[in-house]
Amino acid sequence: HATLFERWGSSFAASATQLGVPADRVQHLTGNPTKADVEQAVAKIAKASGPDDVLVVVLIGHGTFDGRVPKFNLKGPDLAPADVEAMLKAVPAKRLVLVNTTSASGPFKDALAGPWRTIVTATRNGAEQFDTLFGGYFVDAFASESADLDKNRRVTVQEAYEFAQREVTKAYERTGLLATEHSVLDDTGKLAAVFALGTAGGEAESADPKVRTLQAERRELEQQVESLKVLKGSLEPARYEAELERLVTALALKTRELRQAEGK
């Protein structure tokens, strides 16, 4: 398990920096961290962040539930939701994305859900106590083109969650085993559909005027997709799906046109 968890954590940290998150904003705890190690990492983040930032916390490892309190297992005292809440008080960033990939992680959602928060858990309750597959697929999503459903070159938390859900289902179907994990996303913070690691785009502006024009047109379509996602809750489902399909199709065609102009 240690090797697997280390790979998941390293992969997520690498994806974050590759997608534009400054390396000094990424705190990756390896080996057998203690609660004190986690507190120190959060303290560093607190000093570097501001109220307009988004704090992303991904817990990878083992989890337990005694019927009352869920815990993320650490060397020494474990981490309970109350501990997480206490640490978050020192962080200026108002918005939180917390992903608990462990077994028995479901109760973390109930304990930590709230305004400006998006909570993802690998299980729907504390009774699902077998090892989970969700974390590996969630991490993989940020480096996977197939997870980017709207083809805007950014994988949102919602897209990563849905990708992991699909892959977990396929994995259990391949083995013929009954699924022992059912992930949950609580999006009170209204972040899942629009928040992605790093920054949008990331491409250098071309010296070719035609290519520059196509780049600008694609960025405009990407912004329209993001704006539509924000309005999802206020639109009729059929209207939302139709408009999203129109924009995603236009974005795919524009991307193909741009690649042809670039000679790719």
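This write-up is about the structure you can find in this document. (Residues numbered from 1 in each chain as written. Predicted model: local features only at pLDDT ≥ 70, side-chain atom pairs only at ≥ 80, totals over all residues. Heavy atoms only, no water.)

The next point concerns the overall build of the protein chain. Secondary structure summary: the protein chain contains 8 helices and 6 strands in total. For the protein chain, the α and β elements follow one another from N to C terminus as α-α-β-β-β-α-β-α-β-α-α-β-α-α. For 264 residues, the compact-globule estimate of 2.2 N^0.38 gives 18 Å, and the protein chain sits close to it at 20 Å. Each of the three principal axes of the protein chain carries a C-alpha extent, and together these read 60 × 45 × 40 Å. Out of the 264 residues in the protein chain, the part that is buried amounts to 44%. Across the protein chain, every contact between residues at least 6 apart in sequence was considered, and the portion connecting residues at least 24 apart equals 66%. For the protein chain, the computed accessible surface area is about 14000 Å², with 53% contributed by carbon and sulfur atoms. For the protein chain, the distance from the average position of its 33 positive side-chain charges to the average position of its 37 negative side-chain charges is 2 Å. (Helix = DSSP H or I, 4+ residues; strand = E, 2+ residues; numbered from the N terminus. Rg over C-alpha atoms; globule rule 2.2 N^0.38 Å. Buried < 20%, exposed > 50% of the residue type's maximum accessible area, 1.4 Å probe, protein only. Contact = heavy atoms within 4.5 Å. Areas by Shrake-Rupley, 256 points an atom, 1.4 Å probe, with all protein chains shown as cover. Lys, Arg positive; Asp, Glu negative; His and termini not counted. Charge placed at Lys NZ, Arg CZ, Asp CG, Glu CD.)

Strands sit in the order β1-β4-β5-β6 across an open sheet of 4 strands; the sheet is mixed. Two strands lie at the open edges of the sheet, namely β1 (54-59) and β6 (184-186), each paired on one side alone. Across the sheet, the mean angle separating the axes of adjacent strands is 5 degrees when strand polarity is ignored. (Pairing = 2+ DSSP bridges. Axes fitted to C-alpha atoms, helices over the stretch in contact; angles between N-to-C directions.)

Once that is clear, we can look at empty space enclosed by the protein. According to the stated counting rule, one finds 1 cavity of 30 Å³ or more in the structure shown. Reported here for the largest cavity is a volume of approximately 50 Å³. F12, V56, V58, V97, V99, F138, F142, V155, V157, F195, A196 and L197 together form the lining of the largest cavity. Listing elements by their share of the lining of the largest cavity, those giving two or more residues are β1 and β4 (95-100). (1 Å grid on protein atoms, 1.4 Å probe; cavity = no way out; pocket = protein on both sides within 12 Å on 5 of 7 lines; lining within 4 Å. Points joined across faces, edges and corners; volume = space filled by probe spheres on them.)

To continue, consider the nonpolar core. Side chains of nonpolar character tend, in soluble globular proteins, to be buried together. Counting residues in hydrophobic clusters, the biggest one holds 30 residues, and the most contacted among them are F134, F138 and F142. Looking at this core, the elements with two or more residues in it are α1 (2-18), β4, α5 (134-141) and α6 (157-175). Non-local contacts of F134, meaning those with residues more than four positions away in its chain, are made with V99, V120, A122, Y161, A164, Q165, V168, E181 and S183. L79, V91, A93 and L96 belong to the second-largest nonpolar core, a separate cluster that totals 18 residues. (Core = buried A, V, L, I, M, F, W, Y, C linked by side-chain atoms within 4.5 Å.)

A word on the packing of aromatic side chains. A full pass over the atoms with the stated rule returns 5 aromatic pairs. Their ring planes at 25 degrees and their centres at 5.8 Å tell us that F134 and F138 sit as a pair that is stacked. On the criterion of helical spacing, the pair formed by F134 and F138 is a turn pair, its members being 4 residues apart in helix α5. The class of F134 is buried, set by a relative accessible area of 0%. Between K94 and the ring centre of W116, over which it is positioned, the NZ or CZ distance is 5.0 Å. (Phe/Tyr/Trp six-rings, centres within 6.5 Å; stacked < 30°, edge-to-face > 60°. Lys NZ or Arg CZ within 6 Å of the ring centre and 35° of its normal.)

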